Amino acid sequence: MTIGVCYFPEHWPGERWETDVRQMADAGMEYVRMGEFAWGRVEPERGEFDFAWLDEAVSLVGDHGMDAVLCTPTATPPKWLVDEHPDVRQADPDGTPREWGSRRFTCFNSPTYREETERIVRKVTERYVDDPHVAGWQTDNEYGCHDTVRCYCEDCATAFREWLEATYGDVETLNEAWGNTFWSQQYDSFAAVDPPGPTPAEHHPSRLLDYYRFSNDSVVDYNRLHADLIREANDDWFVTHNFMGDFGALDAHSLADDLDFLGWDSYPTGFVQDRRPGKATTDELRAGDPDEVAMNHDLYRGAKRAPFWVLEQQPGDVNWPPHAPQPGEGAMRLWAHHAVAHGADAVLYFRWRRCREGQEQYHAGLRKQDGSADRGYDDAAAAADELFDLEPVDAPVALLHDYESLWATDVQPHSPDWHYWSHLRAYYAALRARGVQVDVVSPTSDLADYAAAVAPTLYLVGDDLAARLEAYVADGGHLLLGARTGEKDPHNQLHESLAPGPLADLAGVRVDQHESLPDGMPTRLRYDGETHDYRTWASWLDAEGAAAVGTYTAGVAEGRTAITRADRDGGSVTYCGCWPTDRLADELVTDLLSAAGVAYTSRFPTGVRVAERDGYAWVTNFTSETRSLSVPDDAAFVVGGETVGAFDVAVVETPAATLSLE
Amino acid sequence: MTIGVCYFPEHWPGERWETDVRQMADAGMEYVRMGEFAWGRVEPERGEFDFAWLDEAVSLVGDHGMDAVLCTPTATPPKWLVDEHPDVRQADPDGTPREWGSRRFTCFNSPTYREETERIVRKVTERYVDDPHVAGWQTDNEYGCHDTVRCYCEDCATAFREWLEATYGDVETLNEAWGNTFWSQQYDSFAAVDPPGPTPAEHHPSRLLDYYRFSNDSVVDYNRLHADLIREANDDWFVTHNFMGDFGALDAHSLADDLDFLGWDSYPTGFVQDRRPGKATTDELRAGDPDEVAMNHDLYRGAKRAPFWVLEQQPGDVNWPPHAPQPGEGAMRLWAHHAVAHGADAVLYFRWRRCREGQEQYHAGLRKQDGSADRGYDDAAAAADELFDLEPVDAPVALLHDYESLWATDVQPHSPDWHYWSHLRAYYAALRARGVQVDVVSPTSDLADYAAAVAPTLYLVGDDLAARLEAYVADGGHLLLGARTGEKDPHNQLHESLAPGPLADLAGVRVDQHESLPDGMPTRLRYDGETHDYRTWASWLDAEGAAAVGTYTAGVAEGRTAITRADRDGGSVTYCGCWPTDRLADELVTDLLSAAGVAYTSRFPTGVRVAERDGYAWVTNFTSETRSLSVPDDAAFVVGGETVGAFDVAVVETPAATLSLE
Amino acid sequence: MTIGVCYFPEHWPGERWETDVRQMADAGMEYVRMGEFAWGRVEPERGEFDFAWLDEAVSLVGDHGMDAVLCTPTATPPKWLVDEHPDVRQADPDGTPREWGSRRFTCFNSPTYREETERIVRKVTERYVDDPHVAGWQTDNEYGCHDTVRCYCEDCATAFREWLEATYGDVETLNEAWGNTFWSQQYDSFAAVDPPGPTPAEHHPSRLLDYYRFSNDSVVDYNRLHADLIREANDDWFVTHNFMGDFGALDAHSLADDLDFLGWDSYPTGFVQDRRPGKATTDELRAGDPDEVAMNHDLYRGAKRAPFWVLEQQPGDVNWPPHAPQPGEGAMRLWAHHAVAHGADAVLYFRWRRCREGQEQYHAGLRKQDGSADRGYDDAAAAADELFDLEPVDAPVALLHDYESLWATDVQPHSPDWHYWSHLRAYYAALRARGVQVDVVSPTSDLADYAAAVAPTLYLVGDDLAARLEAYVADGGHLLLGARTGEKDPHNQLHESLAPGPLADLAGVRVDQHESLPDGMPTRLRYDGETHDYRTWASWLDAEGAAAVGTYTAGVAEGRTAITRADRDGGSVTYCGCWPTDRLADELVTDLLSAAGVAYTSRFPTGVRVAERDGYAWVTNFTSETRSLSVPDDAAFVVGGETVGAFDVAVVETPAATLSLE
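Residues numbered from 1 in each chain as written. Chains lettered and ligands numbered in written order. Predicted model: local features only at pLDDT ≥ 70, side-chain atom pairs only at ≥ 80, totals over all residues. Heavy atoms only, no water.

As recorded in an unreviewed UniProt entry, chain A goes by beta-galactosidase and comes from Haloarcula nitratireducens. Regarding chain A, the relevant UniProt record gives this comment under Sequence similarities (unreviewed entry): "Belongs to the glycosyl hydrolase 42 family." What the UniProt record of chain A gives under Catalytic activity (unreviewed entry) is the line "Hydrolysis of terminal non-reducing beta-D-galactose residues in beta-D-galactosides." (UniProt positions renumbered as here; feature names shortened; annotations may be inferred.)

Chemist: So what exactly am I meant to see when it comes to unusual backbone geometry here?
Modeler: Negative phi characterises most residues that are not glycine, and trans characterises most peptide bonds. Looking along the chain, the bond that leaves Phe350(C) and enters Arg351(C) is cis, with omega of 10°. Pro500(C) follows Ala499(C) through a cis peptide bond whose omega is 5°. By secondary structure assignment, the location of Pro500(C) is in the loop between β13 (478-481) and α18 (504-507). Within the chain, Asp140(A) stands out as a residue other than glycine whose phi angle is a positive 45°. Secondary-structure assignment places Asp140(A) in the loop between β4 (134-138) and α6 (154-168). The class for Asp140(A) is buried, based on a relative accessible area of 0%. With a phi angle near 55°, Asp614(B) is a residue other than glycine that sits in the positive phi range. (Helix = DSSP H or I, 4+ residues; strand = E, 2+ residues; numbered from the N terminus. Buried < 20%, exposed > 50% of the residue type's maximum accessible area, 1.4 Å probe, protein only.)

Chemist: How do you make sense of the sheet that holds strand β9 (residues 344-349) of chain C when you look at a structure like this?
Modeler: The strands making up a sheet associate through hydrogen bonds between their backbones, and the pairing can be parallel or antiparallel. All names here are of chain C. One open sheet holds the 9 strands; their spatial order is β5-β4-β3-β2-β1-β9-β8-β7-β6, and the pairing between them is parallel. Bordering the open sheet on either side are β5 (238-240) and β6 (242-243), each of which pairs with just one other strand. Sheet topology places strand β1 (residues 2-6) next to strand β2 (residues 31-34); 3 bridges connect them, and they run parallel. In the sheet register, cysteine 6 faces β2, and the bridge partner there is arginine 33. Packing against the sheet, helix α12 (residues 290-302) makes contact with β6, β7 (263-266) and β8 (308-313), and its axis sits at approximately 170° to β7. (Pairing = 2+ DSSP bridges. Contact = heavy atoms within 4.5 Å. Axes fitted to C-alpha atoms, helices over the stretch in contact; angles between N-to-C directions.)

Chemist: How should the nonpolar core be read in this particular structure?
Modeler: The nonpolar side chains of a soluble globular protein tend to be buried with one another. The biggest cluster of nonpolar side chains holds 391 residues, and the ones touching the most others in it are Met34(B) and Met34(C). For this core, the element with the highest residue contribution is helix α8 (residues 205-233) of chain B, accounting for 12 residues. Excluding anything up to four places from it in sequence, Met34(B) contacts Tyr7(B), Pro9(B), Leu54(B), Ala57(B), Val58(B), Val61(B), Ala68(B), Val69(B), Leu70(B) and Cys71(B). Cys6(A), Leu70(A), Phe271(A) and Leu424(A) belong to the second-largest nonpolar core, a separate cluster that totals 195 residues. (Core = buried A, V, L, I, M, F, W, Y, C linked by side-chain atoms within 4.5 Å.)

Chemist: Quick question: what am I supposed to make of the interface of chain B and chain C here?
Modeler: Accessible area lost on assembly of the parts is the figure often given for the size of an interface. Taken together, the contact between chain B and chain C spans 55 residues of the former and 54 residues of the latter. Around 4500 Å² of area is buried between chain B and chain C when both sides are counted, 55% of it from carbon and sulfur atoms. Linking chain B with chain C are 4 salt bridges. Notably, a salt bridge pairs Arg356(C) with Asp489(B), separated by 3.8 Å at the nearest N-O pair. Among the elements of the structure, α8, β14 (509-517) and β16 (530-543) of chain B are those that each provide at least two residues to the side of chain B that touches chain C. Looking at which element gives the most residues to the side of chain B that touches chain C, the answer is β14(B), with 6 residues. A breakdown of the residues in the side of chain B that touches chain C according to their chemical character gives 20 nonpolar, 21 polar and 14 charged. (Buried area = accessible area lost by both parts, 1.4 Å probe. Salt bridge = Lys/Arg side-chain N within 4 Å of Asp/Glu carboxyl O. Nonpolar A, V, L, I, M, F, W, Y, C, P; charged D, E, K, R; others polar.)

Chemist: Help me understand the sheet that holds strand β26 (residues 649-653) of chain C, please; the structure alone is not making it clear to me.
Modeler: Residues and elements named next belong to chain C. Ordered by their spatial adjacency, 4 strands build an open sheet running β21-β22-β26-β24, and the pairing between neighbours is antiparallel. Across the chains shown, the open sheet's two edge strands, defined by having one partner strand only, are β21 (608-613) and β24 (636-639). Put simply, the sheet's adjacent strands are angled 25° from each other on average, direction ignored. The pairing of strand β22 (residues 616-621) with β26 spans 4 bridges and is antiparallel. Within β26, the position partnered with tryptophan 618 by the bridge is valine 651. Packing of helix α13 (residues 331-341) onto the sheet brings it into contact with β21, β22, β24 and β26, and relative to β22 it is tilted by some 145°.

Chemist: What's the story with the domain arrangement of chain A in this structure? I'm lost.
Modeler: Residues and elements named next belong to chain A. Assigned domains of chain A: these are domain 1 (2-153 + 200-386), domain 2 (397-596) and domain 3 (608-661). Each of domain 1 and domain 2 has a C-alpha centre, and the two are 35 Å apart. Taken together, the 31 residues of domain 1 in the interface contact 31 residues of domain 2. Considering only the side of domain 1, the residues that lose the most area to domain 2 are Arg213, Met295 and Arg305, jointly responsible for 25% of the buried surface there. In this structure, glutamate 404 and arginine 213 form a salt bridge, with 2.9 Å as the shortest nitrogen-oxygen distance. Between the two partners, domain 1 and domain 2, sit 18 residue pairs in polar contact (both at pLDDT 80 or more). (Domains from an automatic or database assignment. Polar contact = N/O pair within 3.5 Å; in protein donor to acceptor, adjacent residues only side chain to side chain.)

Chemist: Please explain the interface of chain A and chain C as it appears in this structure.
Modeler: Across the boundary between the two partners, chain A contributes 55 residues, which contact 55 residues of chain C. The contact between chain A and chain C buries some 4600 Å² in all, and 55% of this surface belongs to carbon and sulfur atoms. The largest share of the area that chain A buries against chain C comes from Arg356(A), Gln359(A) and Tyr362(A), three residues that together contribute 18% of it. Where chain A touches chain C, the interface holds 4 salt bridges. As a salt-bridge pair, Asp512(C) and Lys368(A) come within 2.3 Å of each other at their nearest N and O atoms. At the boundary of chain A with chain C, the tally comes to 24 residue pairs in polar contact (both at pLDDT 80 or more). Every element with two or more residues in the side of chain A that touches chain C is listed here: α2 (39-42), α4 (79-84) and α11 (282-287) of chain A.

Chemist: What exactly am I supposed to notice about the pattern of salt bridges here?
Modeler: Note on pairing: side chains with opposite charge can pair once their charged atoms come close. All names here are of chain A. Scanning all chains against the criterion turns up 158 salt bridges over all chains. The closest approach of N and O atoms between aspartate 140 and arginine 104, which form a salt bridge, is 2.7 Å. Placement of the pair is aspartate 140 in the loop between β4 and α6 and arginine 104 in the loop between α4 and α5 (111-127), with a sequence separation of 36 residues. Like arginine 104, aspartate 140 is buried.

Written out as structure tokens, the structure reads:
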């Protein structure tokens, strides 16, 4: 497993580069990512290219035994290009253009920008086509950052109409699929359909969902343009992209086919502040929430069921969250281990050196702006020293993450507290607290290899998906379905039958009612002899073939069924109608794991997690409290020992399920 | 009294309609409202009309012994119309058009849209002019929903200038009336006056008030266009409109003359979440606040002093409030009784069946989307069975609700906690807790029939109004005036004299000072030997002829007069300078009722109310607690009995004032 | 010292003016400010001037022994002018024009508006050029109120490009100075630079800082146009401007050269509600925070190190803060004394009479709208009677307030809790609680006269400034530097070396790390044997020559240096890396004062302050609690006595440092 770093030689005097690169190599780095924002430096005027600086940087990297990862620089076109072609800018729903001066403001559907993209990508790839030190390419940078997956410009209007025509064939089919009789929303032609602009009341949910799909497809196409050009230049190069954490607008699964592996950018102490409801604890502000970080690891791994890279790893304090507490001592090493335990093959810290210029001055690097070592440098070097080659993660359980369901519930959350990621995480954290590895996969994935599958909110369900889940259960799979599963058809209409629609027979259940409840209303149920709390959502179930195994015991719901379980051939289907709090989630997943014959640990406390890869178990302590491990007598520690200090890690050669805390 | 339902046959296959209509009739329904969003279905292309489906639906309704209420479909024009005439769209203050794709986005002043309105209204009314099953019409749908009373487009600019010219004659009169010397805001012509756009600081309050008046008048005119066309077609038809709850932008009183009766749309568990400050209790989330709902009943009844209809009654959980808790068991029946007790002659549930399509999928119906009975169906049938014909409500007390005062205090609330509806409700709830029926009327109403009148905030007072209130008191009326009454003249300028301006002599009081106070500052006063709390507002009074009956006892106000009372011939005038909390409001209204000789009950607890109509008393329990009634020995229960369970109702043939709780 | 008032004769009938003016004179007023919003009254149509009314008003003022202060009326141009020239309007970043209808919406860079300004200013100044009763002029009114310093119109785009060219000479220098390599933000010409518009992510901080500088310079230029025209007409007139409280967008220091003295508008009970984080106490809602008010006094005094005027003094309750509590009894007198103690030579109450018209109806005056005395009238008369002539304030300590540092930390606050004014106030309040007078001065001021200087956040530091601070310390000055000092260079880039950059050698310190911490994380340090709390910000210091005198004792920072002190020749430099809470700030400033040999009092409690001017000490009690003073036996009370009641004041002829509370 490999450590690397992101480097911006263009920000520093050329005479410093050799020192920088040597210090990277000294720390055991193997990859250096460069060039993702350098269009202005590479092509200062139209047609005038300057590659000398990058040539030298790549060459220095190679000279020191490392490989370069280059990036197509399309996230930040130069001003002259935008002045020539203002139409490349995206637009807000009210038509306001998204101006040059930050980044990622160009439209994925702009024919002009696609031409310019093709031109620059050809140029940069051709330049390094024979360079032995260039290992591969990152396409663009963080597609969709700052809410830019969705654009509302004229080019998008045209492309949306074409997309609809390609999807539906004729406008009557579209009217039918969306249900446009409602509020007289019928169209008489595809030309009549606009991007959703500012309206007094909410938009048609089917129209919005298709706009989100179309927007996602636009990014897929745009990325494919990059990938094709890169491979056309040199098919030995790998192609990847750096996705973001808990990022909902872009379906990571949908880009997987065009990438050799997925990468993502991991900022644990930022995510706990700006990407989930609720207040972060002091420990989380120091090291992040291991389940939040790991669910993203497992998502980008799950998208190809293959190792992924952390293309940007937080190196210290960062600029963009509300607050910038210093990470705990050793946290930068901890994060690298944690990523590897979850299947990363490389972890590149972002950035080498704190930048003196521009928007990211308050973003730490492994070195400070004066060149001296920053807090992360020794952590990174330690990680580089400790890590070793490993087989991929082999996960017994799948967690179904469906971006379209996320989009559709975003459109109609039906509660200010509904949060797709958090609801998934309720189940994910329960599995992880039991030391189980989880592939976060698309609902269209092949589930055959998984002993158990959890689908917390499979909101949109059509007949195809229902048939595949039936086959999975028929083959002995154990399936746990969560709240709101099966409420809608793929066009975001309610099913003609009650939820879970085409899953009703498989699950043996019909949803009689649902309600969303603010904090403070009584929410209690009984499951397996114990009383539990739930939150935010309650569907009232009618068991029709399944057994009622959980019952609401408070509020208007009192006496109604909350949870059902149906044994089906070798498999089983559990339907949980509410959003479980942590103890209930633990009961549900341990019952599922037991049924599926998956081994699990005793329950680990918040912030302490164990993960298995290739016969080794990682114990990662994201808390400021020291923990004592109990391990089998014959288990050998590869890193650390039985006492795991604050923000520390231990690696033991033993199955995860053999571990416990004292 | 009648139960009915809102039906959208166009959302369902024709073969289902007969079943649907039969189930309505089975439940005892008498009216079926249809067609309010069906323009796109009725006229799919310009000039191509399709009425067959509606003909059939009306005919089925008639066949089952019910009557249809049809609607002019102008709230949702088809896309082709807006594509042909983009000028029909409203605009935001900064000029951004309000786009097609939701509803009620068309401008009331657009000459094009008025033409189109006339065309389609003629068409639909002519179609059913001889149909014996059509009882009457609803105009458009919820004028002003989603903040659309006020538009800022070019057509409105023109219309506003004409309105001003018609109102003021010459621009000097306008400059004088508004007080445009302030900040050099004089106009040299009517052409120079624009709708209020985005300015760095606040707008001139007189300009805003007139813009709100003009906007209201635009709706009145637009509604009159509908009403005239409907009556022109068939003068036997009734004409009504479905107003909204706690809706301030549109003066319900001002449309009363053009309607045969008023209707409104009642969603009790939504209102407590999104239409008033403060957090809803669990009981309110289950059934609403009876005083919030009833004050709207009494407002739409008071506008014509005649029975009204609930044109949309909440049928179960609904889509638009933040949260969607399930209503309490029986709440849908409770609401129908409560409406009738307050003077409704018909209660139509919205909607028949949960819609599979579009924006309102999460809105329950009386039947679910699969056709099975939803929670409200049996409740509605029970209500239909229990209700009987009644004389109109006869209310002894008037509550003066002045939309212009609401608009003017919205412009200058002078405290983030000022809330016109809530301040009115402080007095209204006190009256209702004493079992007294209240007409919520315009200040221009004839008050002669009322023993007492309460004007919580009659902010704008001119000489005419003052003279009429003087006459009322001179004739023996008992008048209670609340905080901020008489602060301004009708042009939204301060009076030359101190508040209450032209009411000063009548009330025997001058306002020396006022202050608004955030929560947490001490607010105490003494009235009638007891210490009370108040909130938000304190006027310091100088009694000049009246007796000082309440005195502030805390803060800088200490020792100043808070409440005065003046005996005038047979009548009396009380002026309360502050916003009373509930115990003080109770003292004030019981003193008023006693003076006026109006009988009242012992004080009912929050959520439990008694209301009298035609010799019957309704006890409505909006709480989850069972209550025991004490009734006169000879009083006969028509519905229920002495024990009133959670969300239950009892109807007794006895005057309300004879009832109490045990 | 002088009391005066702001008067709008144009709002009242001419026959009333004599009464008004006589009542002013009766109260002991000496100045009457007029005309700042009267353009529409003075020039009702283009070229048609009406000065008769103002002539008469000035003449009445003179007849009663008072002087007029007139204002250029450019804050509110008439509608006809804007209709003729819509280009005079400012624009928001997205291009939306700021519309006529409130005030201060015209662009400082509009050539048209500059022409119109020149025209009207010539006209009004020429009119009164020989009038003996006009003492001087106020330019315009509250430049920048309602967020209007910064405009984004086309005229500003042009002017910004010219400003940049004048500043940088060639575009490569600009690219270098800003650091435009970051995110490909290089420009190829000045023409390519735009005002910062709406971008998906944040703007380049160097670009924003220069836009703020340019915007500030635009106001300076515009003000100079006024000042030059006024002096051209009559060089005996004084020229001033009324600045605002805690107003950051406009650098008061930068306008000082063009004004004879600075004025400002003081609204104590408004400022505590809307101009600082945190909830106001009841006492503050009644009288304001004396340190917040006084820091503005000292800022506008410090800008010229000369007496200033309060051009608008709160007269009672006001309209614009969220709430409008009545000021404490006597507060209006207290504020006048407090202003004079801090160096005011005149205090003009705003306004004479509560206005019946327009946006400020809810703003009290000294008289009510019916002409009767309002609460402030007697207070103002009392102050006029008690005040006497005094020499200027002589402050031993300078507090460095750097608007550019404020702008730059606004751009990158790095914490939602960062607030430049509040951080300065932490030190200022500590000094004031010890009875020390403080000049709030620009960092470019000559500090030679100050025994000690405090620079809470001198964020941007170049070599020049560093050299001047070195010279100050070398000359025996005692310097206290606070958090974030020296983080950036003047172009808003990080220094090449670690913070405090060019101050590192002087302070003997390097900043190793920094962090920002939300409330609730442990923040403790040890200084001088005591444990203290800090908030929001912590820099971890490496003492390199200085002594480490404070050490963090909690969190990841534990054991790191928080505070250093370096003795340098006769002087000293203290660097405090965190935002001190009040007890720590007291320790830091008393240590500083002791080192500098500045006398100070025992510590006064919150809300009670003592200030010395010309040998007299003012004790101002901004609380509702009575206080007892201890004074030297020979000290004579000029106003009040040893018992200082709620909102009362005492003036004693004695040095401030001799006073204490019992």
